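# An overview of the molecular structure
Letter by letter, the chains look like this.
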Amino acid sequence: MGHTVLVCDDAIFMRTMISDILAQAGFEVVGEAETGRQAVEKYRQLKPDLVTMDIVMPDMGGIEAVREICRTDPDAKVLMCSAMGQQALVVEAIQAGAKDFVVKPFQPSRVLEAVQRVLG
Amino acid sequence: MDLSRYANLFLAESREHLQTCNRLLLELERSPHGTEPVVGIFRAMHTLKGMAATMGYAKLTELAHRTENLLVLLRERVAGAEADMIDLLFQAVDALEQSIDEAVAGHDETLDFTALLAKLDEAAKQAQSRTGEMRAVRSARQTTDVAAIPSATGRLVRVAIRPDAVMRGGRAAIALKRVEALGHVSGVRPAAAAFEGQDFDGRFSFRLHTDVTDPVIEAAIRGAGDVESVSIGEAPVPAPLEDQTTVGGARHIRVDLKRLDSLMNHMGELVVAKGRLAEVVAMAPTPDLEAVSARINRLVTEMQTEVIGSRLTPVWQVFDRYPRLVRDLARQLGKRVDLLIEGGDIELDRAILDEIGDPLLHLLRNAVDHGIESPADRRRAGKPEMGRIVIAAARDRSGVAIRVTDDGRGIDRKKIAERAVKEGIMESVNEELTDDVLLRVIGRPGFSTAAKVTDVSGRGVGIDVVLTRVRALGGAASIESEVGHGTSITLRLPVTLAVLRVLLTRVGQERYAVPLAHVAETVEFDPQKTTSLGGKEALVLRNRVIPATRLRDLLQVDSGTASARPPAIILESGDRQSALVVDALLGQQEIVVEPFEAPRGMLPLFSGATILGDGGPALILDAAALL
């Protein structure tokens, strides 16, 4: 309980929804990022237990951000948020160091399952 | 989950993204070859799709998804977006804009995009057939990479992801990643690249070399989620057939361009060393030395030809993309243009070809935009409605000439003359405006007279950019234009960049190199045969008056003394000539051009520098600047 989370997505809509799902499950959303670059910066500052990462974002996409985060912290726990039809990108993200993924549209139960797997 | 509280957020943000799409589509329409607008539109559309899916708006999601498919193809394509494709994207954005309120009001299911979806699919199909070839190349490359994985020993592990799982490939990738943490993984079948495909069925196998027990392995794999079964054993793997791409015959191999560059640089040094050797031998000749030197000379020359030859690329490799671009541009401007390519087999050094692609595109754009008239205007002028642009490459002395000719309206010399007088290039509008002066005027940075008169699309001219690039390559440009009949611009380029043939001269204590490509002849500068041209010294040569420049004065050299009848080099570019007076001529030489950054405040006379065979430096004069 009380795991800290950094939510990264360029849409406020998605950030709000993910934050709500996680907050209701007892997580503490400690930060949000709108771009990949912000995600990398905030990860450094906040050292959250979990990161949710959108794949397509302006100014450094999610995959590059994962790569960058895992380069400095190989144990970083990043959960990719993808849309249908992005399998190739998801595979790439996992190879870059992401630990799991969820596919939009989000079902809260699926999101939480994935989070549990990531946090082990 | 109650989604209604997200509705307003969804509406506001969707509108913003659709607005972005509209703005970027306009940008794309203006420059159909830009990739940035496409990437931006894709991103906005993708975000919209994710939001709509999350809100449960199936119809909106579907429309956004199919639009996105088309954008992906557009992003991967070499050529630009066609006008009708941009139209279609506009329609999709409009439809989304009109429908988001409906969807939020709870009427998503009643939305009907059938006709639009069909059009999007059709356009995607067409675009796909054009990109198919590129993809084939890409996937072939992946196949070879994977085939390189050696088979190894270890436990054979077979995994099946649940068939109903979303993105089975993603799950497989996680499973693989997790076992990689346990030991050494090899012999992955199908190759990991297959995980990225939509048709991956979720079954894969690999060999794992590790000390941990089977239950640990199984637990790690199941931790990836959506795993149906895991079997760990020693059963032999049926080796799947691997796609193998074999290159027909063994006549070609691929070589990294960097290696060729490096080879070329060494070659250049070798050529210089060869020249130095000949000089040294000449100082103390013996029959043996002379024989060896002559042999080395011949071998190096042959090698040089081969090395340069290995870098030569036929111009069609760059020209091939032009017909499509010209067609698209003409279509956008409501013109009819036929582009003809001549001399596509003429070869140039890859480095030069890469540099010249954009300037040529610039010239073609100008020809379509400013040169070729509208079909109606052409009809009135008694010309065929279909305009014609020819891009032709041909050998020219030791280099290559590329000429872009259009049969359009030509350049209005009166307007240019007015501008030339304003800029102080000409004294009066009544003077004859030669082709040379014409090029100088339209080649000025920021030149825009013609743009104001004829510009339809709001694109700047930028001839100055073309001229700068060509000069940087050691080439020259010339123009011919006749009102009503069209314009022709010729770029003269060296075949290769690395080795330059120069005439070596001396002024004071320093040596200067003049590229031979610009040297017409050398004469004696006889003060008795000089006259004055616009208050400046000029040389009379075979009844022609040629403006003269004394390099000694230009460079403010005062060491040593100039002879009474010094040599003069007649420089030539197009129909322009100029005499350059130096202290002495030292002979012809091949030199290697070194990158050169002129110090601040230096006269813009030099295009580069070189180290000569004896180790001393020489500056390379920019002949075009002296003309």
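Report on the accompanying structure.

Conventions used here
Residues numbered from 1 in each chain as written. Chains lettered and ligands numbered in written order. Predicted model: local features only at pLDDT ≥ 70, side-chain atom pairs only at ≥ 80, totals over all residues. Heavy atoms only, no water. Helix = DSSP H or I, 4+ residues; strand = E, 2+ residues; numbered from the N terminus. Polar contact = N/O pair within 3.5 Å; in protein donor to acceptor, adjacent residues only side chain to side chain. Contact = heavy atoms within 4.5 Å. Pairing = 2+ DSSP bridges. Axes fitted to C-alpha atoms, helices over the stretch in contact; angles between N-to-C directions. Core = buried A, V, L, I, M, F, W, Y, C linked by side-chain atoms within 4.5 Å. Buried < 20%, exposed > 50% of the residue type's maximum accessible area, 1.4 Å probe, protein only. Domains from an automatic or database assignment. Phe/Tyr/Trp six-rings, centres within 6.5 Å; stacked < 30°, edge-to-face > 60°. Parallel < 35°, antiparallel > 145°, perpendicular 65-115°, else oblique. Nonpolar A, V, L, I, M, F, W, Y, C, P; charged D, E, K, R; others polar.

Residues and elements named next belong to chain B. Tracing the sequence through the fold places Arg552 in helix H18 (residues 551-554). A distance of 2.7 Å separates a polar atom in the side chain of Arg552 from a polar atom in the side chain of Asp583. Sequence-distant contacts of Arg552, that is, excluding residues within four places in its chain, are made with Val507, Gly508, Val557, Asp558, Ser559, Gly560, Thr561, Ala562, Val581 and Asp583.

Residues and elements named next belong to chain B. The strand order across the open sheet built from six strands is S14-S18-S19-S17-S16-S15, with neighbouring strands paired in mixed fashion. The two strands at the open ends of the sheet, each matched to only one other strand, are strand S14 (519-524) and strand S15 (530-533). Each strand of the sheet is rotated relative to its neighbour by a mean of 35°, with strand direction disregarded.

Attention shifts here to the sheet that holds strand S12 (residues 499-507) of chain B. Residues and elements named next belong to chain B. Spatial strand order, S20-S12-S13-S22-S21: five strands in an open sheet with mixed pairing. What marks the edges here is a single partner per strand, and that holds for strand S20 (584-592) and strand S21 (606-611). Each neighbouring strand pair of the sheet contributes to a mean axis angle of 35°, computed without reference to strand direction. Alignment of S12 against S20, held across eight bridges, turns out to be antiparallel. Considered in S20, the bridge of Val499 is made with Val592. Where helix H8 (residues 257-283) meets the sheet, its contacts fall on S12, S20 and S21, and the angle it forms with S20 comes to roughly 145°.

Grouped together as the largest cluster of nonpolar side chains are 116 residues, with contacts concentrated most on Met53 of chain A together with Leu60, Phe204, Phe206 and Ile221 of chain B. For this core, the element with the highest residue contribution is helix H4 (residues 83-107) of chain B, accounting for eleven residues. Counting only domains with at least three residues in this core, you end up with domain 1 (4-146) and domain 2 (155-238) of chain B. Aside from chain neighbours lying at most four places away, what touches Phe204 of chain B is Val157, Arg158, Val159, Ile161, Ala172, Ala175, Leu176, Arg189, Pro190 and Phe195 of chain B. Counting residues in hydrophobic clusters, the runner-up holds 51 residues, among them Leu348, Ala367, Val368 and Val400 of chain B.

So, on to the packing of aromatic side chains. Residue and element names in this part refer to chain B. Following the criterion strictly, the structure yields nine aromatic pairs over all chains and no others. A centroid spacing of 5.2 Å and a plane angle of 65° characterise the contact between Phe10 and Tyr57, whose relative ring orientation is edge-to-face. Of this pair, Phe10 sits in helix H1 (residues 7-30) while Tyr57 is found in the loop between helix H2 (36-55) and helix H3 (58-76), placing the two residues 47 residues apart along the sequence. Of the two residues, Phe10 and Tyr57, neither departs from the other in class, the shared state being buried.

What follows is about the packing of H1 of chain B against H4 of chain B. Residue and element names in this part refer to chain B. Axis separation between H1 and H4 bottoms out at 10 Å; the angle between their running directions is 170°. It follows that H1 is roughly antiparallel to H4 by the angle criterion. Side by side, H1 and H4 meet where Ala7, Phe10, Leu11, Ser14, Arg15, Leu18, Cys21, Asn22, Leu25, Leu26, Leu28 and Glu29 of the first sit next to Ile86, Leu89, Phe90, Val93, Leu96, Glu97, Ile100, Asp101 and Val104 of the second. Grouping the amino acids of the contact of H1 with H4 by side-chain chemistry returns 15 nonpolar, two polar and four charged.

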